[in-house]
Amino acid sequence: MKKSWQQNSTRAFSAALAVGAFALTLLVTFSPARAETGVTLPHTIPEALTELRQQPALGATLNIRPGEQPLTEALVANYAKRQQELRSVSVTLAGPQAELTDDVLMGYISRGSVGEPHTALSAIASFTAPVPVSKNTVSSDILASYLENGYQPTEKRLATANAERECLAQAIYHEARGETASGQQAVANVIVNRARSGKFPGSLCGVIYQNANKGLYRCQFTFACDGRDDTPTERRAWANSQDLAQTIYKKFAIGKEIGAVPGKTLYYHTTAVRPSWANTFHQVAAVDSHIFYAPN
């Protein structure tokens, strides 16, 4: 009898336990889900913004892959229009936004990566910094004028520079090879002054050989129109003239002063002669066997 009572009690307890487990399962299964407290889900992207982003750059008929289409005025205009439309779409942030105080801002800044540029601060700086204005903007008119009046291929520029140095070396050699370095520099300085003055040809060769084609002794520098062979015969003097010509031409090309005589000095003659024009100008220097003059 006692054994039968215990068995009946065990069966009843097992049945009750099974019913409770079944009820708990139903409760968990059919109870409504609830989000955790404090978790804010983002709003969905507005349909207008989604549709706009899905539009191709130039309409549905464009089959060229992005980045491979030619940069045309239509493409640039279309891009600008789409950017304006994207910025015009209003997106509402989820939940109330905290007031932007100094503490909030400093906390946001402090969360930036150490040693890395802060994207937001860089963006703010780009809008607040003054826009640099180029002082040397190349316009189509300036470029066209340069191509028409000043442009020379590299080969031609090198040939011109070599010719200028050769002319100057010839003048130094024939006019002053017996002078000291100071005397040779003074003669070369007068040639440079003439080329820069606007009163004579603008190149060194032009100054040295001015009027050389008009006949015997009618040029500016005697050696250029005396009818003699100008080939240098003194090797050392010619080498020195070439070295000095290279130095002087470099200063001439970059607009630097030579410094041997004043910049207004345009004339000279040897001490062995006294030309009539010497009384027309005033003397500014005497170096070795040459006397130098400038216009009054």
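Within any chain, residue numbers begin from 1 and follow the written order of that chain's sequence. Given that the model is predicted, a residue must reach a pLDDT of at least 70 before its local features are reported, and side-chain atom pairs must reach 80 or more before they are shown or counted; all residues, however, enter totals for whole chains, interfaces and linings. Computation of side-chain values: all heavy atoms of the structure, hydrogens and water removed.

## Points about the nonpolar core
A general tendency of soluble globular proteins is for nonpolar side chains to be buried together. Nine residue types can take part in a nonpolar core, namely buried Ala, Val, Leu, Ile, Met, Phe, Trp, Tyr and Cys, and a core is a set of them joined through side-chain atoms within 4.5 Å. Three labels apply to residues, based on accessible area from a 1.4 Å probe with only protein chains included: buried if under 20% of the type maximum, exposed if over 50%, partly exposed otherwise in between. Formed by 41 residues in total, the largest nonpolar core has its most connected members in Leu168, Ile191, Leu204, Ile248 and Phe292. Breaking this core down by element, the ones donating at least two residues are helix 7 (154–176), helix 8 (181–197), helix 9 (204–208), helix 10 (235–253), strand 1 (267–270), strand 2 (282–287) and strand 3 (290–294). Per-element accounting of this core gives the leading share, 8 residues, to helix 7. Sequence-distant contacts of Leu204, that is, excluding residues within four places in its chain, are made with Glu164, Leu168, Ile191, Val192, Ala195, Tyr249 and Phe252. Secondary structure elements are taken from DSSP: a helix is a run of H or I of four residues or more, a strand is a run of E of two residues or more, and numbering for both begins at the N terminus. The contact rule is simple, with two residues in contact once any of their heavy atoms fall within 4.5 Å.

## Some points on the sheet that holds strand 1
A pair of strands is considered paired only if DSSP assigns at least 2 bridges between the two. Spatial ordering of the open sheet is given by 1-3-2, a layout of 3 strands whose pairing is antiparallel. Both edges of this open sheet fall to strand 1 and strand 2, since each of them pairs with a single strand only. Each adjacent strand pair in this sheet contributes to an overall mean axis angle of 25°, direction not counted. Strand direction decides the pairing type here: strand 1 and strand 3, joined by 4 bridges, are antiparallel. Residue pairing for strand 3: His269 is matched across the bridge by Ile291. Axis angles are defined between N-to-C directions and span 0 to 180 degrees, where every axis is a line fitted to C-alpha atoms and, for a helix, only to the segment in contact.

## Things to note about the packing of aromatic side chains
Two rings from Phe, Tyr or Trp (for Trp, the six-membered ring) form a pair when their centres are within 6.5 Å of each other. A pair whose planes differ by under 30 degrees is stacked, one over 60 is edge-to-face, and the rest are tilted. The final tally for this structure, using the stated rule, is 10 aromatic pairs. Ring plane angle 65° and centroid distance 6.3 Å describe the contact between Phe200 and Tyr267, whose orientation is recorded as edge-to-face. You can see Phe200 sitting in the loop between helix 8 and helix 9 and its partner Tyr267 sitting in strand 1, a full 67 residues away along the chain. When its relative accessible area of 14% is taken as the criterion, Phe200 is described as buried. Overall, the relative accessible area of 19% leaves Tyr267 in the buried class. Between the aromatic rings of Tyr249 and Phe252, the centroid separation amounts to 6.1 Å while the plane-to-plane angle is 45°, which identifies the pairing as tilted. Of this pair, Tyr249 and Phe252 both sit in helix 10, 3 residues apart, roughly one helical turn.

## A closer look at the pairing of strand 2
By the bridge criterion, 5 bridges tie strand 2 to strand 3 in an arrangement that is antiparallel. Looking at the pairing, Gln283 lines up with Tyr293 of strand 3. Taking the residues that link successive antiparallel strands as the turn, the strand 2-strand 3 hairpin has 2 residues, and the phi of Asp288 there is positive, at about 55°.

## What to know about the side chain of Gln170
Tracing the sequence through the fold places Gln170 in helix 7. Here Gln170 falls in the buried class, since its relative accessible area comes to 9%. Excluding residues that lie within four positions of it along the chain, Gln170 makes contacts with Tyr209, Phe223, Asp230, Pro232 and Trp238.

## With respect to the pattern of salt bridges
Every case where a carboxyl oxygen of Asp or Glu lies within 4 Å of a side-chain nitrogen of Lys or Arg is listed as a salt bridge. Inspection of the entire model under this criterion finds 1 salt bridge. With a shortest N-O distance of 3.2 Å, Glu234 and Arg177 are connected by a salt bridge. Taken together, the positions of Glu234 in the loop between helix 9 and helix 10 and Arg177 in the loop between helix 7 and helix 8 put the pair 57 residues apart, joining distant regions of the chain. Overall, the relative accessible area of 35% leaves Arg177 in the partly exposed class.

## Observations regarding the state of the cysteines
We call a pair of cysteine sulfur atoms a disulfide when they lie within 2.5 Å. Using the criterion set out here, one finds 2 disulfides in the structure. The disulfide partner of Cys167 is Cys205, and the S-S distance across this bridge is 2.1 Å. Between Cys167 and Cys205 the sulfur-sulfur dihedral comes to about 100°; the bridge is accordingly right-handed. With Cys167 in helix 7 and Cys205 in helix 9, the pair connects residues that are 38 residues apart, well separated along the chain. Assessed through its relative accessible area of 11%, Cys167 is described here as buried.

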